[in-house]
Amino acid sequence: MGKSLILTYILWLFGGGLGLHHFYLGRDRQAFVWWSTFAGGFGLGWIRDIWRIPEYVADANESVEYMRHLVESMRFYKTPPFSGVRFAGQLFVGSFFGYLALLAVPEEIAEGNSYIRMLLIPAAVAIGVDIVANIGRQTTSFKYTLVAGYAICFLVLADPNSVVHIAVLCSIVSQYFRTYRRDPPKKRHVCVRITILGAGGTVIILMWMLFLGNNASITTADGETIKLRDAVQHFFNSPAWRELKNTVYKIYQRARTEGWERVYDEFVEALDPRGEKNAYKVLDLDGNATQDQITKKYRKLAKEWHPDRHPKSKEEAQAKFIEIQQAYETLSNIKLERARRNKQSRDTTSSSFKNVG
């Protein structure tokens, strides 16, 4: 069944940034490039597809006119004509993958083991260049492209930012060995295609995680800078995380004993949608406190945190005072609502007994 031009444009519009339209047309390499480089080079490729899609659809359908033009080009040209757009794409994707590999290796590791970057960066650049070179009806030699990358890998030792130089040489060599793809690409099952793209996507995501973990940082309220990886590690050792784990475990244990149908109710309760648990925590009370105890504790805390009693930290006291007021109002409203429902329930039960009598 032929590919639909209309459906391709729909996929381009709603999923073009992820390369869904290219995946639909069987252009998996281009789909991967679009997904991994943010819509084909930060949206440039996605925009260019507006006028390129009709040709892509004709290629996928192997239309008579398209194939005739392709055969004529193969006869007239020994090798595919040089394309500035493809060359620029090879430079960009090769550099993009190279810099991603560069940043994924922590500085403390790279300083003592410089060979890691020297081995990793040229391979990443060559892969990026080769993927672009093999899009569509063209192909090239990955072997020579990779050799070109490692031929000047020593530049990484002198300057780790020499990724662009490696990308330029790899792109030139790839272009030199470009040829037409005379045999049609093998038809793969959609599950196999998804698996291959998923494996490549996993590698890209892993490199981004390493990059963010090693380079990203957050700034605390005190102005202290903490690396993201350390902040994440501290979070998993924090009381908040332990409390979350305990809550989830309790929900799981209760679901096993009382049935999985209770999981939803337990989950909603754990989220504290009405703010009841937090209100008790603010007022430093347990869940069994009476309305009199709540009122007494509220008056004590409101007096203690009144802004007039804290002239040096008035803003902090004001925020705490408002929090105490909100906690009191929350608990009072909840108890009033429960009392009303309990009264209605008793009245209904009493009415039922009278009717039976």
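This text goes with the structure placed above it.
None of these values were measured; they are calculated from a predicted model.

Q: What's the story with the overall build of the protein in this structure? I'm lost.
A: Helices and strands together make up the secondary structure of the protein, namely 19 helices and four strands. Its C-alpha radius of gyration of 32 Å places the protein more than 25% over the 21 Å reference for a compact globule of 357 residues. By residue count, 34% of the 357 residues in the protein fall in the buried class. Within the protein, counting contacts between residues at least 6 apart in sequence, those at least 24 apart form 64% of the total. As displayed, the protein offers around 23000 Å² of accessible surface, 61% of which is attributable to carbon and sulfur atoms. Of the charged side chains in the protein, 46 are positive and 35 negative, and the gap between their average positions amounts to 5 Å.

Q: What am I meant to see in the side chain of Ser 162 here?
A: With respect to the element layout, Ser 162 can be found in the loop between α11 (155–158) and α12 (163–176). Residue classification places Ser 162 among the buried residues on the basis of a relative accessible area of 3%. With sequence-adjacent residues up to four places away left out, Ser 162 is seen in contact with Leu 155 and Val 156.

Q: Can you walk me through the packing of aromatic side chains in this structure?
A: To describe a pair of aromatic rings, you give the distance between the ring centres and the angle between the ring planes. Going through the model one piece at a time under the given rule, you end up with 21 aromatic pairs. Ring geometry for Phe 82 and Phe 87: centres 5.8 Å apart, planes at 50°, overall tilted. Phe 87 sits in the buried class, given a relative accessible area of 19%. Both rings, one in Tyr 176 and one in Phe 177, keep their centres 5.0 Å apart while their planes meet at 85°; by these two values the pair is edge-to-face. On the basis of relative accessibility, which here comes to 66%, the residue Tyr 176 falls in the exposed class. Grouping aromatic residues by their ring pairs yields a cluster made of Phe 32, Trp 35, Phe 38, Phe 42, Phe 92, Phe 96, Phe 97, Trp 208 and Phe 211. Between the NZ or CZ atom of Lys 3 and the centre of the ring of Tyr 24, over which it lies, the distance is 4.7 Å. One cation-aromatic arrangement involves Arg 193 over Phe 23; the distance from NZ or CZ to the ring centre is 4.1 Å.

Q: Where do I start with the pattern of salt bridges in this structure?
A: Once their charged atoms are close, side chains differing in charge can pair, the charge on each being opposite to the other. Enumeration according to the criterion identifies 13 salt bridges in this entry. Here Glu 323 and Lys 320 are joined by a salt bridge, their closest N and O atoms 3.8 Å apart. Placement of the pair is Glu 323 and Lys 320 together in helix α19 (residues 314–356), with a separation of three residues, close to one helical turn. For Lys 320, a relative accessible area of 26% translates into the label partly exposed. Residue Glu 337 is joined to Arg 340 by a salt bridge in which the shortest nitrogen-to-oxygen separation is 2.5 Å. Of the two residues, Glu 337 and Arg 340 both sit in helix α19, three residues apart, roughly one turn of that helix. The structure contains a network of salt bridges with shared partners spanning Arg 27, Asp 59, Glu 62 and Arg 137.

Q: Which parts of the structure should I look at to understand the environment of Phe 235?
A: As for its placement among the helices and strands, Phe 235 is situated in helix α14 (residues 228–236). Of the residues examined, Phe 235 reaches a relative accessible area of 40% and is grouped as partly exposed.

Q: Explanation requested: the state of the cysteines in the structure shown.
A: Chemically, a disulfide is nothing more than a covalent bond linking the sulfur atoms of two cysteines. This structure, assessed with the given rule, holds zero disulfides. Free cysteine Cys 153: the closest other cysteine sulfur is in Cys 170, separated by 11 Å. Look at Cys 153 and you get buried, because its relative accessible area is 13%.

Parameters at a glance
- Residues numbered from 1 in each chain as written.
- Predicted model: local features only at pLDDT ≥ 70, side-chain atom pairs only at ≥ 80, totals over all residues.
- Heavy atoms only, no water.
- Helix = DSSP H or I, 4+ residues; strand = E, 2+ residues; numbered from the N terminus.
- Rg over C-alpha atoms; globule rule 2.2 N^0.38 Å.
- Buried < 20%, exposed > 50% of the residue type's maximum accessible area, 1.4 Å probe, protein only.
- Contact = heavy atoms within 4.5 Å.
- Areas by Shrake-Rupley, 256 points an atom, 1.4 Å probe, with all protein chains shown as cover.
- Lys, Arg positive; Asp, Glu negative; His and termini not counted.
- Charge placed at Lys NZ, Arg CZ, Asp CG, Glu CD.
- Phe/Tyr/Trp six-rings, centres within 6.5 Å; stacked < 30°, edge-to-face > 60°.
- Lys NZ or Arg CZ within 6 Å of the ring centre and 35° of its normal.
- Salt bridge = Lys/Arg side-chain N within 4 Å of Asp/Glu carboxyl O.
- Disulfide = S-S within 2.5 Å.

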